[in-house]
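Here are the chains, one letter per residue:
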Amino acid sequence: RDVVWRAVEIDGRPPIGRAVTVNFGSDGRVTGRSGCNNYSARYRLNGTELAVYPPFIGTQMGCPPDVM
């Protein structure tokens with residue numbers, strides 16, 4: 001089952017720019033948005049232990065400094 005988290009507050013303020021998300025897919029991929037860029041990697045959850053594995057992939061979009 002996929003699990004999606006979306007940040008509603010960062011350091012006491014709502015995120016600037018696009019949504020800040022993390023998606024844990026049932027396919028073992030973690031993906032999301034960092035406000036400006038997208039990212040992905042592989043992950044494994046074992047009880048309460050989360051491990052994230054390379055390759056770590058991320059876009060390199062140019063965004064305003066306050067969004068970066």
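Preceding this paragraph is the structure being described.
## Structural notes on the state of the cysteines
Piece 1. Under the defined criterion, the tally for this structure stands at one disulfide.
Piece 2. A disulfide bridge connects cysteine 36 with cysteine 63, and the sulfur atoms are separated by 1.8 Å. Judged by the sign of its S-S torsion, about 85°, the bond between cysteine 36 and cysteine 63 is right-handed. On the criterion of sequence distance, the pair formed by cysteine 36 in the loop between strand S3 (29–34) and strand S4 (38–46) and cysteine 63 in the segment after strand S5 (49–58) is long-range, its members being 27 residues apart.
Piece 3. Classification of cysteine 63 by relative accessible area gives partly exposed; the value is 25%.

## With respect to the packing of aromatic side chains
Piece 1. By the definition in use, this model includes two aromatic pairs.
Piece 2. Note on tryptophan 5 and phenylalanine 24: the rings are 5.4 Å apart at their centroids and 75° apart in plane angle, and the pair reads as edge-to-face. Within this pair, whereas tryptophan 5 is found in strand S1 (residues 3–6), its partner phenylalanine 24 is found in strand S2 (residues 20–24), the two being separated by 19 residues in sequence.
Piece 3. Since its relative accessible area comes to 52%, tryptophan 5 is described here as exposed.
Piece 4. On the basis of relative accessibility, which here comes to 12%, the residue phenylalanine 24 falls in the buried class.
Piece 5. Summarising the aromatic geometry, the rings of phenylalanine 24 and tyrosine 43 are spaced 5.1 Å apart at their centres and angled 75° between planes, so their arrangement reads as edge-to-face. In this pair, phenylalanine 24 is assigned in strand S2 and tyrosine 43 in strand S4, connecting sequence segments 19 residues apart.
Piece 6. An aromatic cluster of three or more residues is present, and its members are Trp5, Phe24 and Tyr43.

Reading the values: rules and limits
- Residues numbered from 1 in each chain as written.
- Predicted model: local features only at pLDDT ≥ 70, side-chain atom pairs only at ≥ 80, totals over all residues.
- Heavy atoms only, no water.
- Disulfide = S-S within 2.5 Å.
- Helix = DSSP H or I, 4+ residues; strand = E, 2+ residues; numbered from the N terminus.
- Buried < 20%, exposed > 50% of the residue type's maximum accessible area, 1.4 Å probe, protein only.
- Phe/Tyr/Trp six-rings, centres within 6.5 Å; stacked < 30°, edge-to-face > 60°.

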